[in-house]
Amino acid sequence: MQDRQVTTYVFDFAQGNRDQKDLLGGKGANLAEMTNLGLPVPPGFTISTEACTAYLQQGSEPEGLADQVSAHLEALEATMGRRLGDNDNPLLVSVRSGAKFSMPGMMETVLNVGLNDESVHGLAAASGGNDRFALDSYRRLLQMFGATVLGVESEVFWRTLDKHKRKLGVTDDLDLSAEDLRDLIAKYKVIIREHTGRDFPQHPREQLDLAVRAVFDSWNTDRAVLYRRQERIPENLGTAVNVQAMVFGNGGPDSGSGVCFTRDPASGAQGVYGDYLQNAQGEDVVAGIRNTVTLAELREIDQSSYDELMAIMAKLERHYLDMCDIEFTIEHGKLWMLQTRVGKRTPEAAFRIATHMAEEGLVDLDEGLRRVTGGQLAQLMFPRFDDTAERTLIATGMNASPGAAVGKIVFDTATAVEWSERGEDVILVRQETNPDDLHGMMVARGILTSRGGKTSHAAVVARGMGRTCVCGAEALDVDTKKKRIKVRGGLRLREGDVISIDGTTGEVFAGEVPVAASHLVQHFEGHDVSDPLVDAVARMMTHADGTRRLRVRANADTAEDAARARRFGAEGIGLCRTEHMFLGPRRMLVENLIVAEDEEAQHAALAELLPLQRQDFIEIFEAMDGLPVTVRLIDPPLHEFLPDLTELSVQVALDDDHGHEDGHNNRLLDAVKRLHEANPMLGLRGVRLGIVIPGLFTMQARAILEAAAIRRAAGGDPQPEIMIPLVGALAELAIVRTQIEAVARAVEAEAGVPIPHKIGTMIELPRAALTAGKIATAAEFFSFGTNDLTQMTWGFSRDDVEASFFGTYLEHGIFAVSPFESLDTEGVGALIQAAVAAGRETRPDLHLGVCGEHGGDPDSIHFFNSVGLDYVSCSPFRVPVARLEAARSVVMGGPGAGSTA
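It should be emphasised that the depicted structure is a prediction, and the values quoted were computed from it without experimental measurement.

Caption draft 1: Up close: the environment of Ala240. Counting through the fold element by element, Ala240 comes out in strand 5 (residues 239-245). The buried category is assigned to Ala240, whose relative accessible area is 0%. Sequence-wise, Ala240 and Leu316 are 76 residues apart; in three dimensions their C-alpha atoms are separated by 23 Å. Setting aside anything within four residues of it in sequence, one finds Ala240 in contact with Leu23, Leu24, Gly25, Thr46, Ile47, Ser48, Thr49, Arg96, Ser97, Gly98 and Val215.

Here is the structure:
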């Protein structure tokens, strides 16, 4: 009988490389890469993501894993000349998570695994009798193991540590003596026993196995699931586990740990940036429990390690051709590299680094486009604080993640979530954040901490999420228990007080500071702005416009919106909604049309509307001169232009009671009752209105074409496209098209000049998509109305379902993201793809676009490019985003300029 093949789950660092993130996770793949580069990496091995997914699926370790871990552990022991947890000279290891995609702080890490009541003495002896160092390491293991592996609330350990220091009259962990640490260790052991019902495990291998399982289990913690949902990371990837020989930064003043970046992750400025903490392990740096020093100060502390670090940073950036985020430890003057990865960065840094590296010849501009996103560009267009406004500066910290945020102070995640759900803007204020604060960080407008720097947990997570963040504002004494902040100078702030934080400058202000348009928006508006960020974005946008195939239009209903869209780079209007022109003072004219009791009254009402519509179109055509303007004829049900049934009924009843009968209100009430529908979105609207109400669509068509004739007479170049909404059958479109063509001939005869125009339809019903080949015989263009197409395909009303059950669907993974936010490519996308193919088979020159808000969604734009649409249309503010993403869809593998699909 043939032996069953056992899957290989464990790999030595020397066996992998950076391209194996699917198998080894990001951390493991990069540790392997640094090992292969010959950098000083403590040896170790990686347990693959496949082991994690197998463990999670079957609820136990997969076959062969324990034996493979044993074999690699023996090899590591042989390399190091020490055995795990040996009583005389113990090998200790770290156990760290490492998924394919970086999830900072979301999963577990355990350091100093292998220490116990006996080996702690061996560690002290091996370190030259440094009892304090050994006991500090044991204290850390108990604290981390107790919290991450055994499930004791981490706050219990922190409170015990703080109480212990207060009793001894010290404020810094470093002030605890060896004897103080012995007492603390005893207290930690009691905590573990009382909270778990068992003693801390003394066997080193049991510690290792439990730590590995804890890392596997951490893939499904609430915070990890929440983070993946926020970052759209697939649920089925699992995490790798990295087991690495410990090197110690907490061995004395000639040791320490740090995190550094090869460029500034906040601004993108060139030069090295980072934090270093003497006599500390790496978790101290990230947690922000003590404020760090800069790399420049490390140079003064340890010139040799500094010089070696600078050389390694330069080598890694040239190797990865990107900004690198690096963790390191110095152990008694010896530098060790613990991790590297392509660093998370703010939107500003993303654009500046991409352009700098292109200028330096490290990458080309196509690669630069791959490294920035439309989402980042949108964040950069958000408002900033008004430089001219009065403000009260109360503190300055580290500018960890840029932006302007105003909100009420909250001190914990639960309050942040509760207040945000009731519509409050909040600023989450902490001494330092930890992974359990993720939900609060997600809902907060900004994050403020009194400790930590640019590499702290708060800074790293905030940058990844695009949240404004100021860290290390030392002038603030934050008391989360009493929910108050003491500010140097005597000011007191309490929960609910409003503050403003500037993540670009690191400034914190009392009260609300007014905001102004961002420099980038000012640039798009045509103003001269001196700003390195604006220069970087402008260069990237110029390259994007020369790369993309998709054209970008705007949804605009007024001349002002049209002019702004053009300044933002729009190449026409993809959706001009005529019903918006009937609101406000003109509503009465629509009411007259609806309550008209005969054909003569209808014609009179339409005649009043015609010149108003015509003037609207003249102004829009002037703003978009030389570019196409797609005008959608009236689409919504007519009842939307009428008063509410209940309110009108009450008014008529009151009029009757007072003997003031109002004939207009009575006719309105009759019309409201007559037009009332159980489901108006599926009722009398769109093309159905044009067929049922004679003259409505022809009036609008005449207004459009007369406006075009007037603009042509003035020397303009109007390019009207008349779009009939909600068509479901060729016969509907044919009827209305015949009417419009008759109007066009009449207007051309009256004007004495031809008026070039197109007639097309929206594809927003599944039936229209499925019969697109037939409909194309009467349409010169299709515009996909993806909002309605999504509603009709899924069978739900957006206004109702988003508030009722979308949250549940997202939690259960039925939606990865709302289908109204990003296109459902499997369902709605399949209909679009079928309509494109059938329409172009009938009419090869059929022009195709999309005018739903999906036209400004980055992921959706990539799909639209791949299926061969000619343009997307979105709100004016999102036009730059769409331009950028249209280019990114090309360099990411989609069809490019000059291609038809």
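Next, the rest of the story.
Caption draft 2: Local environment of helix 1 (residues 21-36). With 16 residues, helix 1 extends only 15 Å from end C-alpha to end C-alpha; this falls clearly short of the ideal 22 Å at 1.5 Å per step. Its axis deflected by about 80° at Lys27, helix 1 carries its strongest bend there. Of all the 16 residues making up helix 1, 12 are buried; the element is thus mostly covered by neighbouring parts of the structure. Looking only at helix 1, the buried set comprises Leu23, Leu24, Gly25, Gly26, Lys27, Gly28, Ala29, Asn30, Leu31, Ala32, Glu33 and Met34.

Caption draft 3: Here's a closer look at the sheet that holds strand 27 (residues 719-724). With respect to topology, 8 strands assemble into a closed barrel ordered 24-25-26-27-28-29-30-31, the strand pairing being parallel. Going from strand to strand, the sheet's axes swing by 25° on average, the running direction of each strand aside. Note: strand 26 (residues 628-632) against strand 27, 5 bridges, orientation parallel. By the bridge assignment for strand 27, Val631 is matched with Ile722. Running at roughly 170° to strand 27, helix 27 (residues 696-713) makes contact with strand 26 and strand 27 of the sheet.

Caption draft 4: Looking closely at the pairing of strand 4 (residues 109-113). Among the 5 residues in strand 4, 5 count as buried, and that is most of the element. Taken together, the 3 bridges between strand 3 (residues 93-99) and strand 4 define a ladder with antiparallel strand orientation. Bridge assignment links Arg96 to a residue of strand 4, and that residue is Thr109.

Caption draft 5: Region of interest: the environment of Met442. Secondary-structure assignment places Met442 in helix 17 (residues 438-443). Here the alpha-carbon distance between Met442 and Val461, two residues 19 residues apart in the chain, equals 9.6 Å. Filtering out sequence-adjacent residues up to four positions away, Met442 remains in contact with Leu226, Gln230, Met465 and Arg467.

Caption draft 6: Quick peek at a positive patch on the surface. Taken together, the side chains of Arg159, Lys163, Arg166, Lys167, Lys187 and Lys481 make up a positively charged region of the molecular surface. For the positive patch, the leading source of residues is helix 6 (residues 154-168), giving 4 residues. By the element assignment, Lys481 lies in the loop between strand 18 (476-479) and strand 19 (484-487). Look at Lys481 and you get exposed, because its relative accessible area is 68%.

Caption draft 7: How the structure looks around a negative patch on the surface. Taken together, the side chains of Glu597, Asp598, Glu599, Glu600 and Asp670 define an acidic patch exposed on the protein surface. Its place among the elements puts Asp598 in the loop between helix 22 (587-595) and helix 23 (599-623). Look at Asp598 and you get partly exposed, because its relative accessible area is 42%.

Caption draft 8: Region of the structure containing the sheet that holds strand 12 (residues 392-396). The 8 strands are arranged 12-22-21-14-15-16-17-13 in an open sheet whose pairing can be described as mixed. The open sheet has two free edges, formed respectively by strand 12 and strand 13 (398-401), since each of these has just one partner strand. In this sheet, neighbouring strand axes are inclined to one another by 30° on average, regardless of whether the strands run parallel or antiparallel. Bridge analysis of strand 13 against strand 17 (residues 468-471) gives 3 bridges, and the strand direction is antiparallel. Bridge assignment links Asn399 to a residue of strand 17, and that residue is Val470. Packed on one face of the sheet, helix 16 (residues 413-421) meets strand 14 (404-410) and strand 15 (426-430) and runs near 115° to strand 14.

Caption draft 9: View of the packing of helix 31 (residues 786-794) against helix 34 (residues 828-842). Look at helix 31 against helix 34: their axes get within 10 Å of each other, and the N-to-C directions meet at 115°. Between helix 31 and helix 34 the crossing geometry is right-handed. Residues Thr786, Leu789, Thr790 and Thr793 of helix 31 lie in contact with helix 34, whose contacting residues are Val828, Leu831 and Ile832. Within the contact of helix 31 with helix 34, the residues separate by chemical class into 4 nonpolar, 3 polar and no charged.

Caption draft 10: Up close: a nonpolar patch on the surface. A surface patch of nonpolar side chains, about 250 Å² in accessible area, is lined by Ile691, Val692 and Ile735. If you trace the backbone, Val692 turns up in helix 26 (residues 687-692). The exposed category is assigned to Val692, whose relative accessible area is 52%.

Caption draft 11: Quick look at the side chain of Thr46. Among the secondary structure elements, Thr46 is positioned in strand 2 (residues 44-47). Among residues more than four places away in sequence, those in contact with Thr46 are Tyr9, Val10, Phe11, Phe13, Leu24, Gly28, Ala240, Val241 and Asn242.

Caption draft 12: Spotlight on the environment of Arg539. Topologically, Arg539 is positioned in helix 20 (residues 532-547). For Arg539, a relative accessible area of 35% puts it in the partly exposed group. Separated by 342 residues in the primary sequence, Arg539 and Val881 have C-alpha atoms spaced 14 Å apart. If we skip the residues at most four places from it in the chain, Arg539 touches Thr355, Glu359 and Leu365.

Caption draft 13: Summary view of the pattern of salt bridges. According to the stated counting rule, one finds 54 salt bridges in the structure shown. Across the pair Arg83 and Asp86 runs a salt bridge whose closest N-O atoms are separated by 3.5 Å. According to the relative accessible area criterion, Arg83 is exposed, its value standing at 54%. Between Asp545 and Arg883 there is a salt bridge, and its shortest N-O distance comes to 2.7 Å. You can see Asp545 sitting in helix 20 and its partner Arg883 sitting in helix 36 (residues 879-891), a full 338 residues away along the chain. Looking at Asp545, the relative accessible area reads 28%, which means it is partly exposed. The class for Arg883 is buried, based on a relative accessible area of 8%.

The rules behind the values
Residues numbered from 1 in each chain as written. Predicted model: local features only at pLDDT ≥ 70, side-chain atom pairs only at ≥ 80, totals over all residues. Heavy atoms only, no water. Helix = DSSP H or I, 4+ residues; strand = E, 2+ residues; numbered from the N terminus. Buried < 20%, exposed > 50% of the residue type's maximum accessible area, 1.4 Å probe, protein only. Contact = heavy atoms within 4.5 Å. Expected span 1.5 Å × (residues − 1). Bend = angle between axes of the 7 residues up to and from the residue. Pairing = 2+ DSSP bridges. Axes fitted to C-alpha atoms, helices over the stretch in contact; angles between N-to-C directions. Patch = residues over 30% accessible without salt bridge, like charges linked within 9 Å, V, L, I, M, F, W, Y side chains within 5 Å. Areas by Shrake-Rupley, 256 points an atom, 1.4 Å probe, with all protein chains shown as cover. Salt bridge = Lys/Arg side-chain N within 4 Å of Asp/Glu carboxyl O. Lys, Arg positive; Asp, Glu negative; His and termini not counted. Charge placed at Lys NZ, Arg CZ, Asp CG, Glu CD. Left-handed = near helix turned anticlockwise from the far one by under 90°. Nonpolar A, V, L, I, M, F, W, Y, C, P; charged D, E, K, R; others polar.

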